[in-house]
Amino acid sequence: MAAPTAPTGGQHPVPTRIRRQLPPSPWLFAAPGLLVTGAFVLYPFVSTLVNSLTDRRTLLPGHFVGLANFRELLHDDMFWTGLRNSTLYVVGVVPALVVLPLLLALLVQKNIPGITFFRSAFYTPVVASVVVVGLIWVWLLDERGLVNSLLETIGIGRVGFLSDQWLLLLSAMAVTVWKGLGYYMVIYLAALANVPRELHEAAAVDGAGPVRRFLSVTVPAVRSTMVLVAALSSVAAFKVFSEVYLMAGPSGGPAGEDTTLVMLVQRTGTGLTGRVGYASALSVVVFAVTVALMLLVLRADRGEEP
């Protein structure tokens, strides 16, 4: 048997021969997760990259075309429409999902009678199916829906929430914000629980009011959580599909003007004649933009650090 190696730093290392005979139990425990990740994450990712360089269709293997799909994107009006709508979605949704859940968390943070009911009520849309939520809002905002009926009753008249290009996009944004409030509220509740109460008490002693304490104590204390929420909501907003698809329909609203990039990927790459290669190129662009958004948010956070 090989002699044990010399102790280093007062520790007794395991002999080399014994180390080699140890069972690979860590790899056995990690194997299921690695297999799932490889089959459902790594392989689709690599396959999408490869397909983006081909002219593959649904029933045809395709041939290598290099960057032809990406060059075609630059001259595709629908691509620029989808990019515009996805970008507007980020601009409209992210600020609301960063600020409103924080205010909501401050409201439900206090332990008062009945507060558990309100916490559960605010979180209910999160666990509800996005399809069910979308259909409910479609029924509410339809030309003959409840909202338009109420508007007509009070003399305002019916509003084309689902027929006007910009109102439809704003309505979809409102649904996304409404559904995400409870999720990010829980994240903020966890962050607010770690804010020392002494800071608020000291600020109150110095004469700071509720608004001043919120800006000077609460916001700096949860700034890292706000960055996390901004990063998560940015990626989710740019990849929005279900809300717009359910409210605008497969065509993407009037003349397809409300189509997002993910809707364009679905429309282009599905069906018997789907252009898988072109849809893969679109998916690569979506991936690149989402990574850029996350890096931009994180870089902005580091730039504000003292």
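Scroll up a little and you will see the structure.
Calculation rules
- Residues numbered from 1 in each chain as written.
- Predicted model: local features only at pLDDT ≥ 70, side-chain atom pairs only at ≥ 80, totals over all residues.
- Heavy atoms only, no water.
- Phe/Tyr/Trp six-rings, centres within 6.5 Å; stacked < 30°, edge-to-face > 60°.
- Buried < 20%, exposed > 50% of the residue type's maximum accessible area, 1.4 Å probe, protein only.
- Patch = residues over 30% accessible without salt bridge, like charges linked within 9 Å, V, L, I, M, F, W, Y side chains within 5 Å.
- Areas by Shrake-Rupley, 256 points an atom, 1.4 Å probe, with all protein chains shown as cover.
- Salt bridge = Lys/Arg side-chain N within 4 Å of Asp/Glu carboxyl O.
- Helix = DSSP H or I, 4+ residues; strand = E, 2+ residues; numbered from the N terminus.

A. Broad picture of the packing of aromatic side chains. Applying the stated rule across the entire model yields 6 aromatic pairs. Seen from their ring centres, phenylalanine 117 and phenylalanine 118 are 5.4 Å apart, and the 75 degrees between their planes marks the pair as edge-to-face. Assessed through its relative accessible area of 60%, phenylalanine 117 is described here as exposed. With relative accessibility at 44%, the residue phenylalanine 118 sits in the partly exposed group. With a centroid separation of 5.6 Å and 65 degrees between ring planes, the pair formed by tryptophan 137 and tryptophan 178 is classed as edge-to-face.

B. Representation of a nonpolar patch on the surface. A cluster of nonpolar side chains, Phe45, Val46, Leu49, Val50, Phe287, Val291 and Leu295, forms an exposed patch at the surface whose accessible area comes to about 590 Å². At the level of elements, α2 (25-51) and α14 (276-304) are the ones that each hand at least two residues to the nonpolar patch. Of all the elements, α2 adds the most residues to the nonpolar patch, at 4 residues. Along the polypeptide, phenylalanine 287 turns up in helix α14. Judged by its relative accessible area of 43%, phenylalanine 287 falls in the partly exposed class.

C. Local environment of unusual backbone geometry. Notably, alanine 255 is not glycine yet its phi reads approximately 60 degrees, a positive angle. Secondary-structure assignment places alanine 255 in the loop between α12 (242-248) and α13 (261-269).

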